[in-house]
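Each chain, letter by letter, is given below.
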Amino acid sequence: AAKLDPDLYPNYLRTMEDMKAKCREIGLPVSGKKDDLIERLMEAGLGSEIWDVIAEIYAKENDGKSFLDPDLMSSIELAAKMIEADPVLSKAFTGGAPQVVVVWRCPVIGVDCKMRADYLKPHEINDLKTIANERGLPFRLAVVNEIPRRRYHVQAQFYLEGASHIAQFLKEGMSDCANPDSDPFLKALRADHAKTFRFVVQCTGPAKQAMSIRLPADCSLLRSAQAEIETHKQTYRLYM
């Protein structure tokens, strides 16, 4: 939830001096602590003018939520709208499950591995990235350059490896999902469809432009990533 912005309530009673002045105005005593003044003003029907009261009500209405600056909230909402308004991207984060963790043991090198997919679907893994595009390139070109520059294809190949174990894990009951036999999504995962990896990339800044790039399992970028992953696993095993 957005933090309450004090600037939007300039005439509210905040300080003890504000409350004492209001008490004098309506003929109430001005002695006591701040809580005493608040209680008197509330008894006089002026609770809706007191900042502390409004803030307490707002906190209760949003119990359990984290409070973010309004500007950040607006930026997040705009970013979401840009994706939701796109006929292709709007489907990237529906029909599956968010933040799916898979833990497996590499049968070749013998190390424990872990992935956390932003969004897992029966036929694909979707991962949300942001890009600043500080060089001002055409957006598609900037995205295409960013994937190898930041080694994102290595992540994609590693996640596809992890996802290849999901169907077997589900068949063996190795899942913390409730009622896996009655869940249509889990049934689709057990069918073990071939998966592609899709990056949904969004520009930071005011425009929030977004696009997606799919990496099919047989693309050259992923084939090159496999050798790198095996090297990393060997290094990890050596030093563990």
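Every value quoted in this text rests on a predicted model; they were computed, and no experiment measured them.

## A few points about helix α1 (residues 16–26)
Met19, Lys20, Lys22 and Cys23 are the residues of α1 that are buried. Seen from one end, α1 has its buried residues packed into an arc of 160°, which puts them on one side. The outward face of α1, more than 90 degrees from its buried face, is lined by the exposed residues Glu17, Arg24 and Glu25. Residues of α1 that are buried make contact with α2 (34–43). Following α1 by one or two positions, glycine 27 adopts a phi angle in the positive range, close to 80°.

## Let's talk about the packing of aromatic side chains
This model, assessed by the stated rule, comprises six aromatic pairs. With a centroid separation of 5.9 Å and 90° between ring planes, the pair formed by phenylalanine 93 and tyrosine 119 is classed as edge-to-face. Of this pair, phenylalanine 93 sits in the loop between α4 (70–84) and β1 (97–105) while tyrosine 119 is found in strand β2 (residues 112–120), placing the two residues 26 residues apart along the sequence. Here phenylalanine 93 falls in the partly exposed class, since its relative accessible area comes to 27%. By the ring-pair criterion, three or more aromatic residues cluster together here, those being Tyr152, Tyr159, Phe197 and Phe199. Lying over the aromatic face of tryptophan 51, arginine 14 brings its terminal NZ or CZ to 4.6 Å of the ring centre. Directly above the ring of tyrosine 152 sits lysine 129, whose terminal nitrogen or CZ lies 4.4 Å from the centroid.

## A word on the sheet that holds strand β5 (residues 210–215)
Sheet strands pair via backbone hydrogen bonds, and the direction of the pair is either parallel or antiparallel. Taken together, five strands build an open sheet; the order of strands is β1-β2-β3-β4-β5 and the sheet is mixed. The outermost strands of the open sheet, each flanked by one partner alone, are β1 and β5. Between one strand and the next, the sheet's axes are offset by a mean angle of 35°, whatever the strand orientation. Of the pairings in the sheet, the one linking strand β4 (residues 196–203) to β5 comprises six bridges and is antiparallel in character.

## Comments concerning a negative patch on the surface
A surface patch of like charges, here negative, comprises Asp35, Asp36, Glu39 and Glu43. The topology assignment puts glutamate 43 in helix α2.

## Quick notes on helix α5 (residues 139–149)
For α5, every residue scored as buried is listed here: Phe139, Ala142, Val143, Glu146 and Ile147. For α5, the buried positions fall inside an angular range of 135° around the axis, keeping them on one side. α5 presents Arg140 and Arg149 as exposed residues on the side facing more than 90 degrees away from its buried surface. Along its buried surface, α5 packs onto β3 (124–131), α6 (152–163), β4, β5 and α9 (220–239). Downstream of α5 by one or two residues, arginine 151 has phi in the positive range, about 60°.

## Some points on the pattern of salt bridges
Pairs can form between side chains of opposite charge once their charged atoms are near each other. Following the criterion strictly, the structure yields 14 salt bridges and no others. Put simply, Lys121, Glu124, Arg198 and Arg214 are held in one network by salt bridges that share partners.

## Thoughts on the nonpolar core
In terms of nonpolar packing, the biggest core is built from 41 residues, with Leu120, Ile125 and Phe199 touching the most fellow members. Looking at which element gives the most residues to this core, the answer is α6, with seven residues. Of all hydrophobic cores here, the second largest spans nine residues; its members include Leu13, Leu37, Ile38 and Leu41.

Reading guide: rules and limits
Each chain carries its own residue numbering, running from 1 in the written order of its sequence. Under the rules for a predicted model, residues below a pLDDT of 70 receive no local features and side-chain atom pairs below 80 are neither given nor counted, while totals for whole chains, interfaces and linings still include all residues. In computing side-chain values, all of the structure's heavy atoms are included and hydrogens and water are not. Using a 1.4 Å probe on the protein chains alone, a residue whose accessible area is under 20% of its type maximum counts as buried, one over 50% counts as exposed, and one in between counts as partly exposed. Secondary structure elements are defined from DSSP: runs of H or I of at least 4 residues count as helices, runs of E of at least 2 residues count as strands, and each element is numbered from the N terminus. When we speak of the arc, we mean the arc of directions from the helix axis to the C-beta atoms. Throughout, a residue-residue contact means that at least one pair of heavy atoms, one from each residue, lies within 4.5 Å. Aromatic contacts are taken between Phe, Tyr and Trp rings whose centres are within 6.5 Å, Trp giving its six-membered ring; a plane angle under 30 degrees counts as stacked, one over 60 as edge-to-face, and the others as tilted. Criterion for a charge above a ring: Lys NZ or Arg CZ within 6 Å of the ring centre, and within 35 degrees of the ring normal. We call two strands paired when DSSP finds no fewer than two bridges between them. Interaxial angle, 0 to 180 degrees, is taken between N-to-C directions of lines fitted to C-alpha atoms, where a helix line uses only the stretch in contact. Residues qualify for a patch when their relative accessible area is over 30% and they have no salt bridge, like charges being joined within 9 Å and the nonpolar side chains of Val, Leu, Ile, Met, Phe, Trp and Tyr within 5 Å. Note on areas: Shrake-Rupley with a 1.4 Å probe; residue coverage comes only from the protein chains shown. Should a side-chain nitrogen of Lys or Arg be within 4 Å of a carboxyl oxygen of Asp or Glu, the pair is scored as a salt bridge. Counted as positive: Lys and Arg. Counted as negative: Asp and Glu, with His and the chain ends omitted from the count. By convention, the point assigned to a charge is CZ for Arg, NZ for Lys, CD for Glu and CG for Asp. By convention a nonpolar core is built from buried Ala, Val, Leu, Ile, Met, Phe, Trp, Tyr and Cys residues, the set being connected through side-chain atoms within 4.5 Å.

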